[in-house]
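Reading the structure
So the chains spell out like this:
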Amino acid sequence: MTNHTTAVPEPTVQPTRYQISLLPGEDINQHLYMIEVEYRGAGRWAVVHHGHCLGTDGVWDFGVKEYDRGDDWLDAHRFDLDTALALAKEHASAVTVNGITAAEAYRRTAVSAVSGAADSRQT
């Protein structure tokens, strides 16, 4: 009986998600304002925020499921990685939760941190 050993290839490593937010990681609200860039196969990436996909027209469209969309919709909502990351960064400050944009949330946190630091120096 002969022993046939088949070589095993090197495992493939594929990044599949990037997280983009104007708010820093230590901010309790960061996850609310998070935009995610997710790999969708064939070198195409989606820009996603809470169940909405960003389109080439700059409009967030509800739905991220590829199987319920046609090719035209997919072509308008899928990007190469560099474009997807640039779009996510471009839209990060305008993400709105309960009427408050990420930029406004950031400013509130920054003002609160500055006034808190000033208060602690006075005592």
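Here's a quick rundown of the structure. Since the model is a prediction, treat every value here as computed from it, not as a measurement.

Scoring rules and cut-offs
- Just so you know, the residues in each chain are numbered from 1, in the order the chain's sequence is written.
- Local features in this predicted model are restricted to residues whose pLDDT is 70 or higher, and side-chain atom pairs enter the listing and the counts only when it is 80 or higher, whereas totals over whole chains, interfaces and linings include all residues.
- With hydrogens and water stripped out, all remaining heavy atoms of the structure feed into the side-chain values.
- Here the term buried applies to any residue with accessible area under 20% of the maximum for its type, exposed to any over 50%, and partly exposed to those in between, with areas from a 1.4 Å probe on protein chains only.
- Strands here mean DSSP runs of E at least two residues long; helices mean DSSP runs of H or I at least four residues long; both are numbered from the N terminus.
- This arc is built from the directions going out from the helix axis to the C-beta atoms.
- Contacts were defined at the residue level, with two residues in contact if any of their heavy atoms lie within 4.5 Å.
- As used here, the term nonpolar core means buried Ala, Val, Leu, Ile, Met, Phe, Trp, Tyr and Cys residues forming a set that is joined through side-chain atoms within 4.5 Å.
- Pairing between strands is defined by DSSP: at least two bridges between them are needed.
- The angle between two axes is taken between their N-to-C directions and runs from 0 to 180 degrees, where each axis is a line fitted to C-alpha atoms and a helix contributes only its stretch in contact.
- Any carboxyl oxygen of Asp or Glu within 4 Å of a side-chain nitrogen of Lys or Arg constitutes a salt bridge here.
- By the criterion applied in these results, polar contacts are pairs of N or O atoms within 3.5 Å in which, for protein atoms, one can donate a hydrogen and the other can accept it, and in which residues neighboring in sequence qualify only through two side-chain atoms.
- Working definition: rings of Phe, Tyr and Trp (its six-membered ring) pair if their centres are within 6.5 Å, and the pair is stacked with planes under 30 degrees apart, edge-to-face with planes over 60 apart, and tilted otherwise.

Among all positions of helix α2 (residues 81-91), only A84, L87, A88 and H91 are buried. Each buried residue of α2 lies within a common arc of 100° when the element is viewed along its axis, so the set occupies one face. For α2, exposure combined with an orientation more than 90 degrees from the buried face picks out D82, K89 and E90. Contacts from the buried residues of α2 go to β1 (17-20), β2 (35-39), β3 (45-49), β4 (52-54) and β5 (60-62).

Next up on the list: the nonpolar core. The tendency in soluble globular proteins is for nonpolar side chains to be buried side by side. Residues Y33, V37, V47, A84 and A88 are the most contacted members of the largest nonpolar core, which totals 17 residues. The set of elements that each furnish at least two residues to this core consists of β2, β3, α2 and α3 (102-122). When sequence neighbours within four positions are dropped, the list of residues in contact with A88 reads I20, I35, V37 and V47. Counting five residues, the second-largest nonpolar core is a separate cluster that includes A46, V48, W73 and L74.

Reading across from one edge, β1-β2-β3-β4-β5 is the order of the five strands in this open sheet, with antiparallel pairing throughout. Where the open sheet ends on each side, the last strands, each with one partner, are β1 and β5. Adjacent strand axes in the sheet meet at a mean angle of 30° when their direction is disregarded. The sheet contact formed by β4 and β5 spans three bridges and is antiparallel. Across the sheet, L54 pairs through a bridge with W60, a residue of β5. Contacts between α2 and the sheet are confined to β1, β2, β3, β4 and β5, with β2 contributing the most and set at about 170° to the helix.

So, on to the pattern of salt bridges. Throughout the structure, instances matching the rule amount to three salt bridges. A salt bridge links R40 to E38; its shortest N-O distance comes to 3.0 Å. In this structure, a network of salt bridges that share partners links the residues R17, E38 and R40.

As for its position among the elements, H77 is in the loop between α1 (71-76) and α2. Residue H77 is classed as buried on the basis of its relative accessible area of 7%. Within the structure, H77 has its side chain in polar contact with the backbone oxygen of W73 (distance 2.7 Å).

Let us now look at the packing of aromatic side chains. Taken as a whole and assessed by the stated rule, the structure comprises two aromatic pairs. Here the aromatic residues Y18, Y39 and W45 are joined through ring pairs into a cluster of three or more.

Although it is not a glycine, A42 sits at a positive phi angle of roughly 55°. For A42, the position within the fold is in the loop between β2 and β3. A positive phi angle, close to 45°, is found at H50, a residue other than glycine.

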